[in-house]
Amino acid sequence: MLSDSSWRIIRIGLVGLVLAAAVAGLVIGDAWLWVAVEWSPPAYAEFYARDGFDTPTAVALLVAALVKAALLWLILRAPAPGPLDRRAKALRRLLYLAVVYTLVPWYPIALLPDAVDAAFQLALWTAIDVLYLLVIRWRSRMLRAAAGAMFAVELVGMANELLDELDLPELGSGGIVELGLILGGLAATIITVVGQRRDGRWSRGTQAAGWLSVGVYALVIPLNVLFGRISSGHLAMLVMMDAVGLVSTVWIAATARELPAEGHPADLPPARRRMIRVAVAAVAVLPITALIHPEQTPHLTYTGWSMDCYDGPSFGDLKPAERHAAFLCRARSTEGGVPPMFPDSLSDQEILAYGRALCRTKDRDEQEAILTRAGSARPAWGADPWDLVYVCPEIVGATRPELLRSTTETEAANAAYIAEENAKCRDPWPRTKGVVQATAKYFLFADGDPGYLVHDPEDEAADEAAEQAMDKVYDDSTLIGVASGAVLIGHFEDVVDLCLTVKAFRTPPPQRTAGWEQVNEVSIVSRSGQLTVPEMGEGGDVGAGAPMPNLAITGKGRYRLRVYVRVNDAGEEHLVVVFPGASRKRLKLKP
């Protein structure tokens, strides 16, 4: 074991290193100041503040350096001498391991999979909690049982986090469950400090550190869990909360250090006791005072980094009280790497006011003027009605009532529209029944899709074949691109959709070219025993509006594919006939 003088040298060296690094960082630049105080790579400084730190953040970093140096001085005190039994020795080693794990810069740990970190924490604190129950002299069976229950809740919270990292079903979901598990961890800390007081081995200073850690914990819960202000608030708050978070490490280190002490430790001087009481009271009051602001203070609910912004709920799915928050999400969102509609420097009140002004504009020029005045990074884009509906539904809904629907209503309306469009299409060969057949509207992107595929979706080279067919579709006037297991059939009119009928026969049907403007026949291969037309997927806008059958009715092999096309007053109509055939010729039955 190291001597007291060796420990003192280590303490002076490490604390001096932290302070010297902070001073050097202040001279060299923001990135190195961040490294010195936050113990993470300089790239993260740019991540949090691309244009450099503002004055409050720089001051917070300097104060945090002093706070961390003072707390490190307390953490690195030499272990108290004295005999320890086997359980106490194991507890001391595990507590010091927890201290080391906390003090190691988080970036190397972040390189590990999140599940590994969560599993390690669960195993470490399971062992510590069990040893707490065995080593601490609780002097009450009821208190020991209560401690066991609180430790169990704390470990359940850690296990729930591990399940989340492993993408397994969690023990519970929702804010109430999460808050309950966090409060269980807070209660476990409180009851451990109570046990230390009844045991008598731990000094008032160690107990005070425990109560201070409870205060820090209580500060984090309302600010972060309930209001999201630490992760989405000013960077200075994040820096300071990271610094005071070391109070818990001070308590853990002191708990390990004083394990051998017998009897009541020497009492603290009255002045220091008063100072500790003031500190504990201040930390206890901070969660309340931090939530109280003057009415004119800008209020920030969401920023562009808030994960809630990516859910994108429909207007009709939200309660009236939730719609303004949805607009704030969209107004500050940076999803897809695009700049936000409004900068984070604007408060919620200002953004909502600008949003209402945008609702009253008559054209894009007025919108651009408002966004320019607001400091938007994309004023020329204007504002879209599907964003503004959350702040002024009475205005947007008058011209775009579909934007007021819920997800269920939108799905029902889409299904009704597709069924109505399918009903407009008729089988052009009603008396000639195929082995399998279907008639439906095929929906295309306007001015975007060259046509539709008949392909083998199970073919290993399906994607490559589709690309080749697309490249060949404009080779001649037939607008049919052929590439082995895929045929891309183009449309002739500038249409968004067309009527499509597919039929499969065991033998070649009559040609019947009368009434059709173009009839062509090509070869296609099915390597898996599948040939079909893509259907409109869930939430998709392209594909057949009804289920399409498997046209490879005889299984794997080569087939002939005959395409009939005509355009009339009702629109463009296609008939696709498939039957077995070994020929590879391309026939123009009616050019």
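Everything numeric here is computed off the predicted structure, so don't read it as measured data.

Parameters and conventions
- Residues numbered from 1 in each chain as written.
- Predicted model: local features only at pLDDT ≥ 70, side-chain atom pairs only at ≥ 80, totals over all residues.
- Heavy atoms only, no water.
- Helix = DSSP H or I, 4+ residues; strand = E, 2+ residues; numbered from the N terminus.
- Buried < 20%, exposed > 50% of the residue type's maximum accessible area, 1.4 Å probe, protein only.
- Phe/Tyr/Trp six-rings, centres within 6.5 Å; stacked < 30°, edge-to-face > 60°.
- Disulfide = S-S within 2.5 Å.
- Axes fitted to C-alpha atoms, helices over the stretch in contact; angles between N-to-C directions.
- Parallel < 35°, antiparallel > 145°, perpendicular 65-115°, else oblique.
- Left-handed = near helix turned anticlockwise from the far one by under 90°.
- Contact = heavy atoms within 4.5 Å.
- Salt bridge = Lys/Arg side-chain N within 4 Å of Asp/Glu carboxyl O.
- Patch = residues over 30% accessible without salt bridge, like charges linked within 9 Å, V, L, I, M, F, W, Y side chains within 5 Å.
- Areas by Shrake-Rupley, 256 points an atom, 1.4 Å probe, with all protein chains shown as cover.

Trainee: Can you break down unusual backbone geometry residue by residue, with the values?
Mentor: In terms of backbone geometry, most residues other than glycine have negative phi values and most peptide bonds are trans. Positive phi, normally seen in glycine, also occurs at Ser-484, with a value near 55°. Mapped onto the fold, Ser-484 is located in the loop between strand 3 (480–483) and strand 4 (486–490). The partly exposed category is assigned to Ser-484, whose relative accessible area is 33%. The backbone of Arg-512 shows a phi angle near 50°, a positive value even though the residue is not glycine. Judged by relative accessible area, Arg-512 falls into the partly exposed class, the value being 42%.

Trainee: Before we move on, can you summarise the packing of aromatic side chains with the specific residues and values?
Mentor: The description of an aromatic ring pair uses the distance of the two centres, along with the angle that the planes make with each other. For the coordinates displayed, the defined rule picks out eight aromatic pairs. Centroid distance Phe-342 to Tyr-354: 5.9 Å. Interplanar angle 20°. Geometry classified as stacked. Of the two residues, Phe-342 is situated in the loop between helix 15 (323–332) and helix 16 (348–359) and Tyr-354 in helix 16; the sequence distance between them amounts to twelve residues. By the burial criterion, Phe-342 is buried, and Tyr-354 matches it. When the ring of Trp-429 is compared with that of Tyr-564, the centres are 5.2 Å apart and the planes differ by 70°; the resulting orientation is edge-to-face.

Trainee: Go over the state of the cysteines, please, and point to the residues and values.
Mentor: Applying the stated criterion across every chain yields a total of two disulfides. The disulfide bridge from Cys-425 ends at Cys-499, spanning 2.1 Å between sulfur atoms. Across the S-S bond of Cys-425 and Cys-499 the torsion is about -80°, and the bridge reads as left-handed. Taken together, the residues Cys-425 in the loop between helix 20 (407–423) and strand 1 (436–443) and Cys-499 in strand 5 (residues 497–504) connect sequence positions 74 residues apart. Classification of Cys-425 as buried rests on a relative accessible area of 7%. The connectivity of the disulfide bonds within the protein can be written as 1-2, 3-4, using the sequence rank of each bonded cysteine.

Trainee: Outline the packing of helix 4 (residues 55–75) against helix 13 (residues 246–257), listing residues and values.
Mentor: It is the contact of helix 4 with helix 13, at a shortest axis distance of 9 Å, that shows an interaxial angle of 15°. By the angle between their axes, helix 4 is roughly parallel relative to helix 13. Helix 4 and helix 13 meet at a crossing whose hand is left-handed. Packed against helix 4, whose contacting residues are Lys-68, Leu-71, Leu-74 and Ile-75, the element helix 13 presents Leu-246, Val-247, Thr-249, Val-250, Ala-253 and Arg-257 at the interface.

Trainee: Give a description of helix 15 that names residues and reports values.
Mentor: Within helix 15, seven of the ten residues are buried, which leaves it mostly tucked inside the rest of the structure. Regarding helix 15, the residues found buried are Arg-323, Ala-326, Phe-327, Leu-328, Cys-329, Ala-331 and Arg-332.

Trainee: So what's going on with the pattern of salt bridges? Which residues, and what values?
Mentor: Summed over the entire model, instances satisfying the criterion amount to 13 salt bridges. Arg-137 is the salt-bridge partner of Asp-199, the closest N and O atoms lying 3.3 Å from each other. On the criterion of sequence distance, the pair formed by Asp-199 in helix 9 (residues 175–199) and Arg-137 in the loop between helix 7 (114–135) and helix 8 (141–165) is long-range, its members being 62 residues apart. On the basis of relative accessibility, which here comes to 3%, the residue Asp-199 falls in the buried class. We note a salt bridge from Asp-384 to Arg-364, for which the minimum N-O separation is 3.1 Å. Note that Asp-384 is positioned in the loop between helix 17 (364–374) and helix 18 (385–388) and Arg-364 in helix 17, a separation of 20 residues in sequence. Here Asp-384 falls in the partly exposed class, since its relative accessible area comes to 23%.

Trainee: Pulling in residues and values, what's your account of a nonpolar patch on the surface?
Mentor: Together, Val-23, Val-27, Ile-28 and Trp-32 give the surface a local cluster of nonpolar side chains, amounting to about 460 Å² of exposed area. Judged by its relative accessible area of 53%, Val-23 is exposed.

Distances and angles like these do not, on their own, reveal function.
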